[in-house]
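# Survey of secondary and tertiary structure
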Amino acid sequence: MNAKRFLTAAAVMVAGLLAGTAQAEQYRLGLITPPQHQWSKSAVTVAERVKAETNGRVEILTFPSGQLGNEAQMLQQLQTGALDFAFMTLGEFANRDPNYGVFLAPYIVDDAAGARKILKGGVAGKLLDGVNKFALKGFGWGMAGMRQIVMRGPVASVDDLSGKKVRTVPFAQELDFWTRIGAAPTPMPLPALYDAFANGQVDGMQIDFEGTWNSKYYEHAGAIIASNHMMFPMIAVGSGRKWQTIPAADQAVIERVMAEELDSIVGAYGDIDASYLEKLKTTDVPVVTADRTFFGGAIDQWYLSWREKTPLLKDLEAEAEGL
Ligand code: BEZ
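Summarised in this report is the structure supplied together with it. (Residues numbered from 1 in each chain as written. Predicted model: local features only at pLDDT ≥ 70, side-chain atom pairs only at ≥ 80, totals over all residues. Heavy atoms only, no water.)

## Points about the overall build of the protein chain
For the protein chain, the helix and strand inventory stands at 13 helices and 11 strands. Taken against the 2.2 N^0.38 rule, which gives 20 Å for 323 residues, the C-alpha radius of gyration of the protein chain at 22 Å falls within 12% of a compact globule. Once the C-alpha set of the protein chain is aligned to its principal axes, its extents read approximately 75 × 40 × 30 Å. Across the 323 residues that make up the protein chain, the buried fraction comes to 52%. The long-range fraction of contacts in the protein chain, counting pairs at least 24 apart against all pairs at least 6 apart in sequence, stands at 76%. Computed over 30 positive and 36 negative side-chain charges, the separation of the two mean positions in the protein chain equals 6 Å. (Helix = DSSP H or I, 4+ residues; strand = E, 2+ residues; numbered from the N terminus. Rg over C-alpha atoms; globule rule 2.2 N^0.38 Å. Buried < 20%, exposed > 50% of the residue type's maximum accessible area, 1.4 Å probe, protein only. Contact = heavy atoms within 4.5 Å. Lys, Arg positive; Asp, Glu negative; His and termini not counted. Charge placed at Lys NZ, Arg CZ, Asp CG, Glu CD.)

Here you go:
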């Protein structure tokens, strides 16, 4: 910058400071869900509201569909301050501290309403505060729909899942669940799933009704198993390093808007699950209902093992019993 331009820029900055106005700021929010997914729609709403409430000064650019990389890469970017905010599954967190996988306890809740209560509980609060140890700022919990199963072939009993390659998120808890059932869990990021299912790289998947409809996984399915077998939280986080540099007034707006939008995501999933299930019932793919007994003794064994490995599971079970 030459001397004249430097002086002009400095004068504008000083004038702004004297007028009591803060600088315009642009931040980035990354997530892996496609644009039509509720998380992506809510990220856009967060951005619009923050912009409106700061008179257009603070802009949050949203990057859905893993445009900034997968969750492992986004987590690294958050830690260095290269990315500002993200809506994430708990996969990367559970890889670092298995307690972050406790919410995947099979049938810990019956439905999205139960999941909503659990995400307001003490275990959720403790885990949210705990993201500081990953150099992150935690804003709160969101969630996706309850987990269901979509398979290429027909399914009448759990035996029909035996030996099948089932796409999962790479949580140890989830892999263990599928292994105990006798399937071959195949971790795979969401953006890669449609092609993998279409070309037979996987025989099925653990997913929600929303994704099954919006991403058209049903087009290649022979059975949809409405099992509601796990809840699936989302955590909204920011870069701890970047957060410290954001003016307090802007932090307050971002925190409030995030909290309100997260709450509305969590509140919306009862209806989202119900409405996408109805849409899926209009397809030719049979929808089979399954409950805990469908999975035989595998779930009891799962609990015996994970109570030992993740002490927070017992606390979560106590909370769930009190719902
Ligand atoms: C999944 O990987 O299955 C997933 C990720 C985010 C939202 C919903 C589903």
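## Considering the site of the ligand
The environment of the ligand is made up of 13 residues, and the closest members are W39, R147, R167, V169 and I207. In this structure, an oxygen atom belonging to the ligand sits 2.9 Å away from a side-chain N or O atom of R147. Between the ligand and R167 there is a distance of 2.7 Å, counted from an oxygen atom to a side-chain nitrogen or oxygen. Taking 260 Å² as the accessible area of the ligand by itself, protein coverage stands at 98%. The cavity that encloses the ligand is the largest pocket. A class-by-class count of the residues in the shell around the ligand yields 7 nonpolar, 3 polar and 3 charged. (Near = heavy atom within 4 Å. Polar contact = N/O pair within 3.5 Å; in protein donor to acceptor, adjacent residues only side chain to side chain. Areas by Shrake-Rupley, 256 points an atom, 1.4 Å probe, with all protein chains shown as cover. 1 Å grid on protein atoms, 1.4 Å probe; cavity = no way out; pocket = protein on both sides within 12 Å on 5 of 7 lines; lining within 4 Å. Sits in = over half its atoms within 2 Å of the grid points. Nonpolar A, V, L, I, M, F, W, Y, C, P; charged D, E, K, R; others polar.)

## A short note on unusual backbone geometry
Unusually for a residue other than glycine, N55 sits at a positive phi of about 55 degrees. Residue placement: N55 occurs in the loop between α2 (38-53) and β2 (58-63). Under the relative-accessibility criterion, N55 is labelled exposed at 75%. Unlike most non-glycine residues, Y107 shows phi in positive territory, near 55 degrees. Note that Y107 resides in the loop between α4 (91-96) and α5 (112-118). By relative accessible area, which is 16% here, Y107 ends up buried.

## Quick notes on the nonpolar core
Judged by nonpolar contacts, the single largest core of 111 residues is most densely connected at F85, F87, F93 and F103. Here this core gets 12 residues from one element, more than from any other, and that element is helix α11 (residues 248-281). Apart from residues no more than four positions distant in its own chain, F93 is found in contact with M88, Y100, V131, F134, L136, I235 and V237. (Core = buried A, V, L, I, M, F, W, Y, C linked by side-chain atoms within 4.5 Å.)

## Details of the layout of surface pockets
Take a probe with the size of a water molecule and roll it over the atoms, and the empty space left behind shows itself. Its volume calculated, the largest pocket comes out at about 440 Å³. In this structure, the largest pocket is lined by 32 residues; those nearest its centre are I32, T89, R167, P189 and L190. Of all the elements in the fold, those that place two or more residues in the lining of the largest pocket are α3 (71-80), α4 and α9 (209-214). Here the residues of the lining of the largest pocket are counted per class, giving 15 nonpolar, 12 polar and 5 charged. Taken together, 16 residues line the second largest pocket, and the ones lying closest to its centre are Y107, I108, V109, D110 and A320. (Points joined across faces, edges and corners; volume = space filled by probe spheres on them.)

## Describing the sheet that holds strand β7 (residues 184-187)
Spatially, the 6 strands line up as an open sheet ordered β7-β6-β8-β5-β9-β11, and their pairing is mixed. The open sheet has two edge strands with one neighbour each: β7 and β11 (287-289). The average undirected angle you get between the axes of adjacent strands in this sheet is 25 degrees. (Pairing = 2+ DSSP bridges. Axes fitted to C-alpha atoms, helices over the stretch in contact; angles between N-to-C directions.)

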